[in-house]
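# Residue-level structure breakdown
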Amino acid sequence: IDNNDLSQLPHGFSTIGGVDYDLRGIIQLTGQGAQEALSVKFPAAAAGIRINQQAERLHFLHACGWKDAEGTRISTYVVHYENGETIEIPVEYGIHVRDWWAPTTQAEVPSGDIAWIGSNGASSAQNQAIQLYHLSWKNPRPETSILSIDFKSEIAEAAPFLMAITVATN
């Protein structure tokens, strides 16, 4: 679809929804909707997103393409600590994120926040907004450095995408 993009979203270092993010790209993973509708093939995972520091909290700026059933796990963030431990952070449709195309009435989620609302040519033509969601995760092991994070699609109908991760140290 032409003009179906995030060109209104600020680039570089920006405060979105009260959190400072470095917006330089997107990690788009696959889902059943994307596999059926698009000729472009997205990966099922992005492994080894480097963190290399301690963190009190992680902030994720993300959303998804395509709708899914409420409560469906659409993706997982896997946190890898320096001591070899891992923790999974599940992302569920309707709980943490929704489709980035939303009615202009805003599509809230109970365990996240709408961080940014905009539009593009394609969404405006259909009287829709586009939006990104913020998920704040409190690290249960703030004294242990996080080496990296893997971002995995669960290959549900929705295709998850990640715009940025911010590490909060206090």
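Residues numbered from 1 in each chain as written. Predicted model: local features only at pLDDT ≥ 70, side-chain atom pairs only at ≥ 80, totals over all residues. Heavy atoms only, no water.

Bringing the pairing of strand E1 (residues 12-16) into the picture now. In the sheet, E1 pairs with strand E2 (residues 19-23) via 5 bridges, with the strands oriented antiparallel. Within E2, the position partnered with Ser-14 by the bridge is Tyr-21. Here E1 folds back onto E2 in antiparallel fashion, the turn holding 2 residues, of which Gly-17 has a positive phi close to 60 degrees. (Pairing = 2+ DSSP bridges. Helix = DSSP H or I, 4+ residues; strand = E, 2+ residues; numbered from the N terminus.)

All right, on to the nonpolar core then. Counting 48 residues, the largest nonpolar core has Leu-6, Phe-60, Leu-132 and Ile-149 as the members making the most contacts within it. With sequence-adjacent residues up to four places away left out, Ile-149 is seen in contact with Ala-46, Ala-47, Gly-48, Ile-49, Ile-51, Leu-58, Phe-60, Tyr-77, Val-78, Val-79 and Ile-165. (Core = buried A, V, L, I, M, F, W, Y, C linked by side-chain atoms within 4.5 Å. Buried < 20%, exposed > 50% of the residue type's maximum accessible area, 1.4 Å probe, protein only. Contact = heavy atoms within 4.5 Å.)

On the basis of which strands lie adjacent, the open sheet formed by 4 strands has the order E4-E11-E6-E7 and antiparallel pairing. Every interior strand has two partners, whereas the edge strands, strand E4 (45-53) and strand E7 (86-92), have only one. Geometrically, the sheet is characterised by an average inter-axis angle of 20 degrees between neighbouring strands, direction not taken into account. Of the strand pairs in this sheet, strand E6 (residues 73-81) and E7 are connected by 7 bridges, and their pairing is antiparallel. Within E7, the residue paired with Tyr-77 across the bridge is Ile-89. (Axes fitted to C-alpha atoms, helices over the stretch in contact; angles between N-to-C directions.)

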